[in-house]
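One letter stands for each residue in the lines below.
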Amino acid sequence: MTYAKAVADGIWAANAVKVGYIPSVTVAPVIKALVASDGGGDGISPRVTPLSREEEAVGVMGAFALTGALGAIVMQDNGFGNALTALATFPMSYHLPLLIFANTRGGLGEYNSMIHSISQPVPAVLRAVGMPVFELDRRNSTDDWRDTVREAGVHAVMTYRPVVVLGSFWNTDGMVA
């Protein structure tokens, strides 16, 4: 199993009914795995759809909780700069579960020197606003990735709040440089 497939399997195992994503080459392997496992192609399927911005994804995917369902988001961690206000004022304030998987940037192997300034503080910023954050990297097996993503979704539903899983693809089969 690839790391990207592990993430996709974890999202579906958490019973997400819909996944919105912000297109990016760094999350493309996860999107491809999600779409393939849902019978789609060209970046879309019945339960997977691209969205234009992170705050849009929070609104659209967060609204599924209003129907008793779980929505999920796949994005890059630097997108939390766009999403933070939406997260703090919608799903966090209204106690709505939401599963977010974000590929981390700015760590080992990062070629883009400017990305470090936003990506490095992301875990601390999210925790500072009270959001649970779980981190994965090459030291975790693909089974760990799948199970952590699934458990994060279960935790989101159980605690009525958004939960973030940050995954570093550096030096895994999902690495994009």
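Rules used throughout
- Within any chain, residue numbers begin from 1 and follow the written order of that chain's sequence.
- Totals for whole chains, interfaces and linings use every residue, but because this is a predicted model, local features are given only for residues with pLDDT of at least 70 and side-chain atom pairs only at 80 or more, for both listing and counting.
- Excluding hydrogens and water, the side-chain figures rest on all heavy atoms present in the structure.
- Note on conventions: DSSP H or I runs of at least 4 residues are helices, E runs of at least 2 residues are strands, and numbering of each starts at the N terminus.
- When a residue's accessible area, from a 1.4 Å probe over protein chains only, is under 20% of the maximum for its type it is buried; when over 50% it is exposed; and in between it is partly exposed.
- In what follows, a contact means two residues having at least one pair of non-hydrogen atoms within 4.5 Å.
- For this document, the term salt bridge refers to a Lys or Arg side-chain nitrogen within 4 Å of an Asp or Glu carboxyl oxygen.
- Under the convention used throughout, the expected extent of a helix is 1.5 Å for every residue step, that is, one less than its residue count.
- Working note: the arc is built from the helix axis to C-beta atom directions.
- At least two bridges found by DSSP between two strands are what make those strands a pair.
- In this analysis, the protein atoms alone were mapped onto a 1 Å grid. Cavities are point sets where a 1.4 Å probe fits without being able to get out; pockets are open sets with protein on both sides within 12 Å along at least five of seven lines; lining residues have an atom within 4 Å of a point.
- Grid points are joined across faces, edges and corners, and a volume is the space filled by probe spheres set on the points.
- Polar here means any residue other than Ala, Val, Leu, Ile, Met, Phe, Trp, Tyr, Cys and Pro, which are nonpolar, and Asp, Glu, Lys and Arg, which are charged; Gly is therefore polar.

Engineer: Hey, could you run me through the environment of Y160 in this one?
Structural biologist: Mapped onto the elements, Y160 comes out in the loop between α7 (142–159) and β6 (162–167). Classification of Y160 as exposed rests on a relative accessible area of 52%. With residues up to four places along the chain from it excluded, the contact list for Y160 reads H95, L96 and P97.

Engineer: Explain unusual backbone geometry to me, please; I cannot follow it from the model alone.
Structural biologist: Working note: non-glycine residues mostly have negative phi, and peptide bonds are mostly trans. With a phi angle near 55°, D42 is a residue other than glycine that sits in the positive phi range. Tracing the chain through its elements places D42 in the loop between α2 (28–37) and β2 (48–50).

Engineer: Mind showing me how you'd approach the pattern of salt bridges here?
Structural biologist: When the charged atoms of two side chains lie near each other, side chains of opposite charge can form a pair. Under the definition given, this model contains 8 salt bridges. A salt bridge links R139 to D137; its shortest N-O distance comes to 2.4 Å. A residue is classified by how much of its surface remains accessible, and R139, at 72% relative accessible area, is exposed. Assessed through its relative accessible area of 18%, D137 is described here as buried. Each of D143, R146 and D147 takes part in salt bridges that share partners, so that together they form one network.

Engineer: What am I meant to see in α7 here?
Structural biologist: Between its first and last C-alpha, α7 extends 25 Å over 18 residues, near the 26 Å set by a 1.5 Å rise per residue. Among all positions in α7, only T142, W145, V149, A152, G153 and A156 are buried. Relative to the axis of α7, the buried residues are bounded by an arc of 95° and lie together on one face. Elements in contact with the buried residues of α7: α1 (3–13), β3 (70–76), β4 (98–103), β5 (133–136) and β6.

Engineer: Where do I start with the pairing of β3 in this structure?
Structural biologist: On a regular strand, each side chain points to the face opposite its neighbour's, so the side chains alternate between the two faces of the sheet. Burial of β3 is extensive: 7 of the 7 residues sit out of reach of the surface. Burial of the side chains of β3 extends over both faces: L70, A72, V74 and Q76 are buried on one face and G71, I73 and M75 on the other. The pairing of strand β1 (residues 16–21) with β3 spans 5 bridges and is parallel. Bridged to K18 within β3 is G71.

Engineer: Would you take a moment to explain the layout of surface pockets for this structure?
Structural biologist: It is a probe the size of a water molecule, rolled over the atoms, that shows where empty space is left. Size it by volume and the largest pocket reaches roughly 360 Å³. Lining of the largest pocket is provided by 18 residues; of these, T104, G107, E135, D137 and S168 occupy positions nearest its centre. Residues of the lining of the largest pocket, tallied by class, amount to 5 nonpolar, 7 polar and 6 charged.

Engineer: Help me understand helix α3 (residues 54–62), please; the structure alone is not making it clear to me.
Structural biologist: Because an α-helix packs 3.6 residues into every turn, residues spaced three or four apart end up facing the same way. Taken together, the buried positions of α3 are E54, A57, V58, M61 and G62. Angularly, the buried residues of α3 cover 105° about the axis, an arc narrow enough to put them on a single face. Contacts from the buried residues of α3 go to β1, β2, β3, α4 (80–89) and β4.

Engineer: Help me understand the side chain of T142 in this model?
Structural biologist: By secondary structure assignment, the location of T142 is in helix α7. Leaving out residues up to four positions away in the same chain, T142 has contacts with M1, T2, Y3 and A6.

Nothing here speaks to function; it is all geometry.
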